[in-house]
Amino acid sequence: MNEAPSQRHEPHEHDGPEDGAGHEGPRPSRRSVLWTAGAAGAGLGIAGLGSGSAAAAGTGQAAGAATAAREAEAPRGKHKTMIGVPFERRATVRVGIIGLGNRGMGMLPLYLDIPGVRVVAVCDPVKDKAAKAVQLVTGAGQPAPVVYSKGDHDFENLVERGDLDFVYIATPWDWHFEMARAALLAGKHVGVECPAAMRMDQLWDLVDLSERTRRHCMQVENCCYGRNEMRVLRMAHAGRFGKLLHAAGAYNHDLRQLMFDPTYYEGPWRRLWHTRLRGDLYPTHGFGPIANYMDVNRGDRVVRMSSYGTPALGLAEYRAAHMPPGDPSWKESYIESDRTFSLLQTAKGRVLRLEHDVSTPHPYSRINSLGGTKGVFEDYPERIYIEPDQSNDQWGDFSKYAEWDHWLWKEHANPPGGHGGMDYIMLFRIMQCFQLGLVPDFDVYDAATWSAPVMLSHASIKAKGEPQEFPDFTRGLWRKPRQGVDSPKPTA
């Protein structure tokens, strides 16, 4: 790609956690915060591995591994799969947005930029944010959306509207499952920010609910639609890297300042997760793209995962240097590893590596690498080495491979919005599939797969790196190749 690194989709300081960080929106109520803290105290990493597994928490490495193995077994589905199920065709897609903090308000103008999309309802208990959203919608020439601002649970009224097709959730992680569940039960398709849920039983519930309601529940993982990621994806599927062997992805992003900023988040919800879990809290940005390269859920699947974590020192050191005595953060005890390293093996024997670090100083990186029998790509900075193009141990210029750009990037060379335009590309494609009645590029099985490392990494670190069996959310249907983000251009 020709842009300099500063012109790509790395976040600037004011951007905050890169896309899909579950930015502000409905404030986590005291009930929600207490529930998640209590769940973590009960052993969320192992209890979260599946329904009914809480009793296994803290019973030792062998018991933890046995529990994970049992929960990894795919339960028999009561309903037909959602694999290959198209959206019902809509000339105009009517959208409701829950959460109008940094992420939700940043994505709202992109919905308004897409032809054939109408924002009919918005929800946030902070009335000033809702009022600003209304101004954005009417300023774009659309009728004023209906506002839902009556407390933490007014989203339940939004999802019941009869004039909604798609509900977009951009709220703190604590709320993702509850809101997605409500929208599915109300008969709406759902796009939820990352991660889709924070417990394994909740991921299974979303799979079951999507199948039962016949509505899609999608992880809106925009990094899958980055220009580099889509170019590498097309090259990989065309065999330019040979037979694929390994890949790596990460979310390494210094968030210390933002996590201690009293105005950036609605309360300390993001930082509080560092008092609850030890594993990879935000795997999807790294995992989603490399899962696409490897056709995970589309011909291959992850079968096991081992994780290791460093000591938790970074946030406490930052607090000591920057926070005044008496600040509420001094009551917090951080257990989240400053950096986690996870190795995942697939059914075909290929190896994936994930990293997570938001607590120490370092440049932003999602790593985004792919290797095969004919060469390798590495990002941050972008560089490539494939035969026969390169030789003499010299990296090649990745910008010279622009012919491999995905058709979406060829049609939208300068897309609007932040993060280098991949937010817009993702939303445009979702809405396009809706308007044309197509199968979406990703589904609830991908959402569950990309989010599962949150729980599995915590369990593995707690068990001193013992491998955790990875659930098969497709219930065996991963064996059949199918299209994903590397989708053909519609002919309609």
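Residues numbered from 1 in each chain as written. Predicted model: local features only at pLDDT ≥ 70, side-chain atom pairs only at ≥ 80, totals over all residues. Heavy atoms only, no water.

Convention followed: UniProt positions are given in the numbering used here, feature names are shortened, and annotations may be inferred rather than shown by experiment.
As annotated in an unreviewed UniProt entry, the chain carries the name Glycosyl hydrolase family 109 protein and is attributed to Streptomyces rimosus subsp. rimosus. In the Cofactor (unreviewed entry) part of its UniProt record, the chain is described as follows: "NAD(+)". In UniProt, the chain has this text filed under Sequence similarities (unreviewed entry): "Belongs to the Gfo/Idh/MocA family. Glycosyl hydrolase 109 subfamily."

1. Side note on the overall build of the chain
The cut-off we apply is this: Only DSSP runs of H or I with at least four residues qualify as helices, and only runs of E with at least two residues qualify as strands; both kinds are numbered from the N terminus onward. Here's how the labels work: a residue is buried when its accessible area is under 20% of the maximum for its type, exposed when over 50%, partly exposed in between, all with a 1.4 Å probe on protein chains only. By definition in these notes, contact holds between two residues if any of their heavy atoms fall within 4.5 Å. Per-residue and other accessible areas follow the Shrake-Rupley method at a 1.4 Å probe size, with only the shown protein chains counted as cover for residues.
A tally of helices and strands in the chain yields 17 helices and 14 strands. Counting every position in the chain, which comprises 492 residues, the buried fraction comes to 62%. In the chain, 78% of the contacts between residues at least 6 apart in sequence involve partners at least 24 apart. Carbon and sulfur atoms form 52% of the exposed surface of the chain, whose accessible area is close to 18,400 Å².

2. Looking at the pairing of strand 2 (residues 117–123)
What counts is decided by this rule: The rule for pairing is simple: two strands pair if DSSP sees at least two bridges between them.
Counting buried positions over the 7 residues of strand 2 gives 6, a clear majority of the element. With 6 bridges connecting them, strand 1 (residues 93–98) and strand 2 associate as parallel partners. Residue pairing across strands places I98 opposite C123, the latter belonging to strand 2. Bridge analysis of strand 2 against strand 3 (residues 146–148) gives 3 bridges, and the strand direction is parallel.

3. A few points about the sheet that holds strand 8 (residues 302–309)
Think of a sheet as strands paired side by side through backbone hydrogen bonds, with each pair either parallel or antiparallel. Here is the rule we go by: Between the N-to-C directions of two axes lies an angle of 0 to 180 degrees, each axis being a line fitted to C-alpha atoms and, for a helix, fitted only over the stretch in contact.
The mixed open sheet is built from 8 strands, whose spatial order is 13-12-11-7-10-9-8-14. Taken across any chain shown, the strands that pair with only one partner, and hence form the sheet edges, are strand 13 (383–386) and strand 14 (468–469). Sheet topology places strand 9 (residues 340–346) next to strand 10 (residues 351–357); 6 bridges connect them, and they run antiparallel. Of the residues in strand 10, the one forming a bridge with L344 is L352. Here helix 17 (residues 453–462) sits on the sheet in contact with strand 8, strand 9, strand 10 and strand 14, set at roughly 55° to strand 8.

4. Examining the pattern of salt bridges
We count it as follows: By definition, a salt bridge exists where a carboxyl oxygen of Asp or Glu is found within 4 Å of a side-chain nitrogen of Lys or Arg.
Counting across every chain of the model gives 26 salt bridges. The residue R298 makes a salt bridge to D446 at a minimum N-O spacing of 2.9 Å. Residue R298 is found in the loop between helix 12 (284–293) and strand 8, and its partner D446 is found in helix 16 (residues 444–451); the two are separated by 148 residues along the sequence. When its relative accessible area of 6% is taken as the criterion, R298 is described as buried. The class for D446 is buried, based on a relative accessible area of 2%. Taking the shortest distance from any N to any O, the salt bridge between K489 and E411 comes out at 2.7 Å. One end of the pair, K489, is in the segment after strand 14; the other, E411, is in helix 14 (residues 407–411), and 78 residues separate them in sequence. Overall, E411 belongs to the partly exposed group, its relative accessible area being 38%. Overlapping salt bridges, with partners in common, bring together E88, R90, R94 and D165 in one network.

5. Considering the packing of aromatic side chains
Put simply, the rule reads: Within 6.5 Å between ring centres, the rings of Phe, Tyr and Trp (the latter by its six-membered ring) count as paired, and their orientation is classed by plane angle as stacked under 30 degrees, edge-to-face over 60, tilted in between. The rule is short: NZ of Lys or CZ of Arg within 6 Å of the ring centre and within 35 degrees of the ring normal puts a charge over the ring.
Following the criterion strictly, the structure yields 20 aromatic pairs and no others. By way of ring pairs, the aromatic residues W173, Y251, Y264, Y265, W269, W273, Y282, Y364 and Y380 are connected into one cluster. The positively charged end of R276 is found above the aromatic ring belonging to W273, 4.6 Å away from the centroid. The positively charged end of R319 is found above the aromatic ring belonging to W330, 4.7 Å away from the centroid.

6. Notes on the side chain of T449
Note the following rule: Two N or O atoms form a polar contact when they lie within 3.5 Å of each other; inside protein one atom must be a possible hydrogen donor and the other a possible acceptor, and for residues adjacent in sequence the pair counts only when both atoms belong to side chains.
Here T449 lies in helix 16. Judged by its relative accessible area of 3%, T449 is buried. Within the local environment of T449, its side chain forms a polar contact with the backbone oxygen of Y445, the two atoms lying 2.7 Å apart. In this structure T449 touches F287, V296, N297, F470 and F473, once residues within four positions along its chain are discounted.

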